[in-house]
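# Architecture at a glance
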Amino acid sequence: MLELHDAPLAPLTTFRLGGPATRLVTATTDAEVVAAVREADADGTPLLVIGGGSNLVIGDKGFAGTALRIATSGFDLVGTTLELAAGEVWTDAVARTVEAGLAGVECLAGIPGSAGATPIQNVGAYGQEVSATITEVIAYDRRAGETVTLSNEECAFSYRHSRFKADPERYVVLRVRFALEDADGLSAPVKYAETARALGVEPGDRVPLTQARETVLELRAGKGMVLDAEDHDTWSAGSFFTNPILTDADFAVFHARVKERLGEDAVPPAYPAGEGRTKTSAAWLIDKAGFTKGYGSGPARISGKHTLALTNRGEATTEDLLALAREVVGGVREAFGVTLVNEPVMVGVGL
């Protein structure tokens, strides 16, 4: 294992923000990951697990403890069964499944980060979520002190949530297993309306896998959601807020607020989210509350391509970012009575 002290963490995150860690350990095998976790737990040392760093907001003071960077590798494809090491670059893994002619994760192309992070957040985009294809997650259970295998059901997946996110101090993901589909080179049925429009097909249709992946990459790039070191709109964590899910009663109150603010003809986005629940759009809320693309004059601003991304323009601090996030949360709450929830994991800070 590679070990550094007083090590900068900002370069390990897509925000490029945050102070140093007391100690940074880079593990390249599952055994090294487990050994580092056990050592920290035995010593009572705070532990921060880092994969691709695409979903982290680290405070300017850094992390007083051991930061464990998981850099394991492993892409094992047998038939339609895929096992990924936690450290595999997710977007590269998606590309390889498409090259192999297998469907199930092609619309998750371009999402930054590591494979091990995908079950934690139940990563999803353009009509697909990893929970639809994950069969098992192999993780180190810090409470039990052993490696365990959790079934899809045991992962307790829901919208941008899982058992791992609910109990972040317990599990460290080591490997993820997927069941993909051989559809003769075609994608899974296209579910997302924007994707279907871009492809020129109807929802439910299938298209060639390569076409699906390339179209999603184009859509993401147009919103600054594909990493590019030269483009500050991609110095972000992607979507900073999750889409609110409201009860029917809360949605009715929200709908009334929308009409009051925007006029009787105004209709907010609404998507079924289970019995008695409706999901609306965080991006729509932010925009209609007055925080349009490019909003801000400081070193942290809303992306010029997508209102849901908060960005570091190159000289920002984490506090600059949080000040902007708090302004957005407060403005949306005042305008519509809905409280936005951050999607990235906060380390040493909070909204």
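My aim in this report is to walk through the structure given alongside it, one point at a time. Since the structure is predicted, the reported quantities are computational estimates derived from the model, not experimental observations.

## Concerning the environment of asparagine 122
Inspection of the secondary structure assignment puts asparagine 122 in the loop between α3 (118-121) and β9 (124-125). Judged by relative accessible area, asparagine 122 falls into the buried class, the value being 1%. Residues asparagine 122 and cysteine 155, 33 residues apart in the sequence, show an inter-C-alpha distance of 9.6 Å. Discounting residues that sit within four places of it in the chain, asparagine 122 has contacts with Glu129, Val130, Ser131, Phe157, Ser158, Tyr159, Arg160 and His161.

## Comments concerning helix α7 (residues 248-262)
Helix length check: α7 (15 residues) gives 21 Å between terminal C-alpha atoms against 21 Å at 1.5 Å per residue, within 8%. Within the sequence span of α7, burial applies to Phe251, Phe254 and Val258. In an axial view of α7, the angular spread of the buried residues amounts to 60 degrees, which keeps them on one side of the axis. Along α7, exposed side chains directed more than 90 degrees from the buried face belong to Ala249, Val253 and Glu260. Of the surrounding elements, those touching the buried residues of α7 are β15 (245-247), β17 (277-279), α8 (282-288) and α9 (318-336).

## Regarding the sheet that holds strand β16 (residues 271-272)
Two modes of strand pairing occur in sheets, parallel and antiparallel, and in both the strands are linked by backbone hydrogen bonds. Taken in spatial order, the three strands line up as β15-β17-β16 in an open sheet, and their pairing is antiparallel. In the strand order of this sheet, the two ends are held by β15 and β16, each with one partner. Bridge analysis of β16 against β17 gives two bridges, and the strand direction is antiparallel. Looking across to β17, one finds that tyrosine 271 is bridged to lysine 279.

## Some details on the sheet that holds strand β7 (residues 81-85)
Reading across the sheet, the five strands line up as β6-β7-β13-β11-β12 and stay open at both edges, with antiparallel pairing between neighbours. What marks the edges here is a single partner per strand, and that holds for β6 (75-78) and β12 (146-151). For this sheet, the mean angle separating the axes of adjacent strands, direction not counted, is 15 degrees. For strand β11 (residues 134-141) and β12, the ladder comprises six bridges, and the chain directions are antiparallel. Of the residues in β12, the one forming a bridge with tyrosine 140 is threonine 147. Running over the sheet, helix α1 (residues 30-43) touches β11, β12 and β13 (171-179) and is turned about 150 degrees from β13.

## Some points on the pattern of salt bridges
Under the definition given, this model contains 17 salt bridges. With a closest N to O distance of 2.8 Å, aspartate 30 and arginine 175 form a salt bridge. Note that aspartate 30 is positioned in helix α1 and arginine 175 in strand β13, a separation of 145 residues in sequence. The closest approach of N and O atoms between aspartate 233 and lysine 305, which form a salt bridge, is 2.8 Å. Here the residue aspartate 233 occupies a position in the loop between α6 (209-222) and β15, and lysine 305 occupies one in the loop between β18 (300-302) and β19 (310-312), the gap between them amounting to 72 residues. Looking at lysine 305, the relative accessible area reads 25%, which means it is partly exposed. Each of Asp30, Glu83, Glu136, Arg175 and Arg177 takes part in a single network of salt bridges with overlapping partners.

Cut-offs and rules
- Numbering of residues starts from 1 in each chain and follows the order in which that chain's sequence is written.
- Since the coordinates come from a predicted model, pLDDT governs what is reported: local features require at least 70, and pairs of side-chain atoms require 80 or more to be given and counted, while whole-chain, interface and lining totals use all residues.
- Computation of side-chain values covers all heavy atoms of the structure but excludes hydrogens and water.
- Elements are defined by DSSP. Helices are runs of H or I of four residues or more, strands are runs of E of two residues or more, and each kind is numbered from the N terminus.
- Buried residues are those whose accessible area, probed at 1.4 Å on protein chains only, stays under 20% of the maximum for their type, while exposed residues exceed 50% and partly exposed ones sit between those limits.
- Any pair of residues with heavy atoms lying within 4.5 Å of one another is described as a contacting pair.
- Here the expected span of a helix is defined as 1.5 Å times the quantity of residues minus one.
- The arc in question is the one traced by the directions running from the helix axis out to the C-beta atoms.
- Following DSSP output, two strands are said to pair if at least two bridges run between them.
- Whenever a helix is involved, its axis is fitted only over the stretch in contact; in every case the axis is a line through C-alpha atoms, and angles between N-to-C directions fall within 0 to 180 degrees.
- Definition used for salt bridges: Asp or Glu carboxyl oxygen within 4 Å of a side-chain nitrogen of Lys or Arg.

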